[in-house]
Amino acid sequence: MAKKKNKEESLVPKDEKTLKMEGVQNLYNFLFEACNILRGPVSQDNFKDYITPILYFKRISDVYDEETQTALEESGGDEEYASLPEQHRFVIPDGCHWSDIRERSENLGAAIVGAMRGIELANPDTLYGVLSMFSAQKWTDKKNLSDGKIRDLIEHLSTRRLGNNDLMGDAYEILLKKFADDSKAQAGEFYTPRSVVSLLVRILDPKPGETVYDPACGSGGMLIEAVQHMNHSSLCCGSIFGQEKNVVNSAIAKMNLFLHGASDFNIMQGDTLRSPKILQNGEIAKFDCVIANPPFSLEKWGSVEWSSDKYGRNVWGTPSDSCGDYAWIQHMVKSMASGNGRMAVVMPQGVLFRGNEEGRIREKLVKSDLVEAVVTLGDKLFYGTPLSPCFLILRRLKPAAHSARVLMIDGTKILTVKRAQNILSPEDVNRLYELYTNYENVEDFSKVVTLDDIAAKDYDLSPNKYVEYHKEEIRPYAEVLAEFEAAYEEVKRFEEEFRKLINL
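Since we're looking at a predicted model, the values are computed, not measured.

1. Re the pattern of salt bridges
Applying the stated criterion to the full structure yields 27 salt bridges. Across the salt bridge formed by Lys465 and Asp460, the nearest N and O atoms sit 3.0 Å from each other. Asp460 gets classed as buried once you look at its relative accessible area, which sits at 9%. Here Arg493 makes a salt bridge to Glu497, at a shortest N to O gap of 3.3 Å. Here the residue Arg493 and the residue Glu497 both occupy positions in helix α19 (residues 477-502), the gap between them amounting to four residues, near one helical turn. Looking at Arg493, the relative accessible area reads 41%, which means it is partly exposed. Salt bridges linked by common partners bring Lys58, Asp62, Asp65 and Arg161 together as one network.

Spelled out as C-alpha cells, the structure:
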C-alpha cells in the first residue's frame, strides 16, 4: 500500500528545479503519447522521422500565433500590423498553418507535406532543406499510415500549445534518448549521452560571444549544451556552427536547436571530411570551441582526397582509408582558432595506441604540445558501438603549468552500472571534472606526465600506462596459513560447544 502524505508534507512548497523537472516529464509524456498513436503501422525505429517534423510544424504555428497575439496587444488590436513579416520569426503562407491542416478531412498526409514544404519555401534563409529532408512518401502512403491515424495524431498534438515553452527542448531531448534506446545500433549516429556532452562543455567552458563548432553534429546535442552553458546569451546568435552528413539528422539538429530556443545558428548538411561547408575566405573557418563525437573508426572516408587536401588539413599525415579517426582529429585541430582556441573530441580508445601511420600522426600530435588531457571512459556508455570511448582535450595555448605536460585520467571505473546501458551519473561527471580541473596525480585515477615520459613509451597515450595504481601488500604464505588454521580451530571449538548445548 502506498504511503499517504501527511498534511504537513503536502504543504511544503516545491522548489523551482523540482517544478521544472515535473513540467518536463509531463511534456515528455505528452510527446511520447504521440508516438504511441503511431505504434503499429510505424515501427519504433521510425518514430523520430514522423514525430520530429510534425512537432516542428506545430511549434512553428504556435509560435506564429503567440507572436500575432503579442503584436495585437502592442498595437491595440491592429491586425494588419500583427501580420507584418517583421513581427514574426517565420513566414507561414496561406493554407499552411496548423489550423488549416486541422480543418482538412482527407488526404491529411499530403496536406501536412504540402504545408511543411510551403513553409520551407517561404523561409529559404532559415528553413531551406529542413522539412523536405523527411520522406513525403511515408506521410502519403495510406497503406502505411491512414488518414484516421494522422487525424488522431493531429488532434492529440492540438490539445497543447507548443509555442515559446522553455520546457520543450528538454522534453524533446528525453524523447531523443527514448528513440536511441529503441533503435540501439543506429542511435550513435544522432545521440551522444548527455552526461558526456555536459562534461565536455563544462571543460571547454564556452563564453558568450565565443564561436562553437561541431563538425559531426548529429542531432545538435553538443551545440545545444553549449548554448545552455552560456545561459542563452544574445551573444550566442550567429556563433553556433555545425555540419552533419546524414540529411535527416542535419534537419533534426536544426529543429532541435529551434525547439531549445536557439536562434541564428548555421547547420550545414554534407560530408565534413570530403567537403567541409563551414568556410571563411575559402579556408577552413576558425572557432573558439570545437567539439565533436564523430563516427568511430569510419571506413572509406576519403583518404585519397585527403592526401592532397586543398584546405591543408593533413597537418601530420593521411590515415588509412580503413579508419578515419585521425582525419577527424586533424580537421578539428585545423578548425581551432589561434589564442584561446580549444577542442574536445570523443574517440575510440584505439587512437591512443594503434601503430603504423596512426602512430606516426600521434607522435607529431604529442610533439605539437596541443594535448592537455586524455580521459578514458568506461564500457557500455555509448549506443551502437562495442568500443570503449575516450576523449582528448586540446588547447592552442595551454596554461604555463601545463606546458609540455599531459594529464592522463583513467575514468574507466567512474560510472554507474545499469542493466542495459551504463551511465555517468551527475556525481560521476563531477568526479571526472574535478580530476581534470585539479590537474594533479591521484592514485588509481590520474597522472601528470611530461612529453619525455610519453616518448619513452613510444608515444602511447593510454592513461593506464602512466597512472599509478594502489597495490595490496602481499603477506607471507606462512603467516596467512597460520591465521587460517587458528580460525579453523576456533570454528571447531564453537561447533563442539553448540553440539553440547543442543544435546542438553
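Let us keep going from here.
2. So, helix α11 (residues 194-204)
With nine of its 11 residues buried, α11 lies for the most part within the structure. Restricting attention to buried positions, one finds in α11 the residues Arg194, Ser195, Val196, Val197, Leu199, Leu200, Val201, Ile203 and Leu204. Asp205 occupies a position one or two residues after α11 and carries a positive phi of about 50 degrees.

3. Side note on the packing of helix α3 (residues 47-75) against helix α13 (residues 247-259)
Taken N-terminus to C-terminus, the directions of α3 and α13 make an angle of 35 degrees; their axes are 11 Å apart at the nearest point. Between α3 and α13 lies a crossing of left-handed hand. Together, Lys48, Asp49, Thr52, Pro53, Tyr56, Arg59, Ile60 and Val63 of α3 and Val248, Asn249, Ile252, Lys254, Met255, Phe258 and Leu259 of α13 make up the contact between the two elements. Tallied by class, residues from the contact of α3 with α13 come to nine nonpolar, two polar and four charged.

4. Observations regarding the nonpolar core
By size, the foremost hydrophobic cluster in this structure holds 54 residues, and its most contacted members are Ile51, Tyr56, Trp139, Leu153 and Leu175. If we skip the residues at most four places from it in the chain, Tyr56 touches Phe90, Leu127, Val130, Leu131, Lys254, Met255 and Phe258.

5. Let's talk about the side chain of Asp288
Assignment of secondary structure puts Asp288 in the loop between β5 (283-284) and β6 (289-292). Of the side chains bearing the opposite charge, Arg342 lies closest to the buried Asp288, which forms no salt bridge; the N-O distance is 5.2 Å. For Asp288, the side chain forms a polar contact with the main-chain nitrogen of Thr211, separated by 2.9 Å. Beyond its immediate chain neighbours, meaning those up to four positions away, Asp288 contacts Glu210, Thr211, Ala337, Asn340, Gly341 and Arg342.

6. A few points about the sheet that holds β6
Read across the sheet, nine strands follow the order β3-β2-β1-β6-β7-β9-β8-β10-β11 without closing on themselves; strand pairing throughout is mixed. Both edges of this open sheet fall to β3 (266-269) and β11 (446-450), since each of them pairs with a single strand only. On average, each strand axis in the sheet is inclined to that of its neighbour by 15 degrees, with strand direction left out of account. Here strand β1 (residues 212-214) runs beside strand β2 (residues 240-244); their pairing, made up of three bridges, is parallel. By the bridge assignment, Asp214 is partnered in β2 with Gly242. Here α13 sits on the sheet in contact with β2 and β3, set at roughly 170 degrees to β3.

Basis of the calculations
Residues numbered from 1 in each chain as written. Predicted model: local features only at pLDDT ≥ 70, side-chain atom pairs only at ≥ 80, totals over all residues. Heavy atoms only, no water. Salt bridge = Lys/Arg side-chain N within 4 Å of Asp/Glu carboxyl O. Buried < 20%, exposed > 50% of the residue type's maximum accessible area, 1.4 Å probe, protein only. Helix = DSSP H or I, 4+ residues; strand = E, 2+ residues; numbered from the N terminus. Axes fitted to C-alpha atoms, helices over the stretch in contact; angles between N-to-C directions. Left-handed = near helix turned anticlockwise from the far one by under 90°. Contact = heavy atoms within 4.5 Å. Nonpolar A, V, L, I, M, F, W, Y, C, P; charged D, E, K, R; others polar. Core = buried A, V, L, I, M, F, W, Y, C linked by side-chain atoms within 4.5 Å. Lys, Arg positive; Asp, Glu negative; His and termini not counted. Polar contact = N/O pair within 3.5 Å; in protein donor to acceptor, adjacent residues only side chain to side chain. Pairing = 2+ DSSP bridges.

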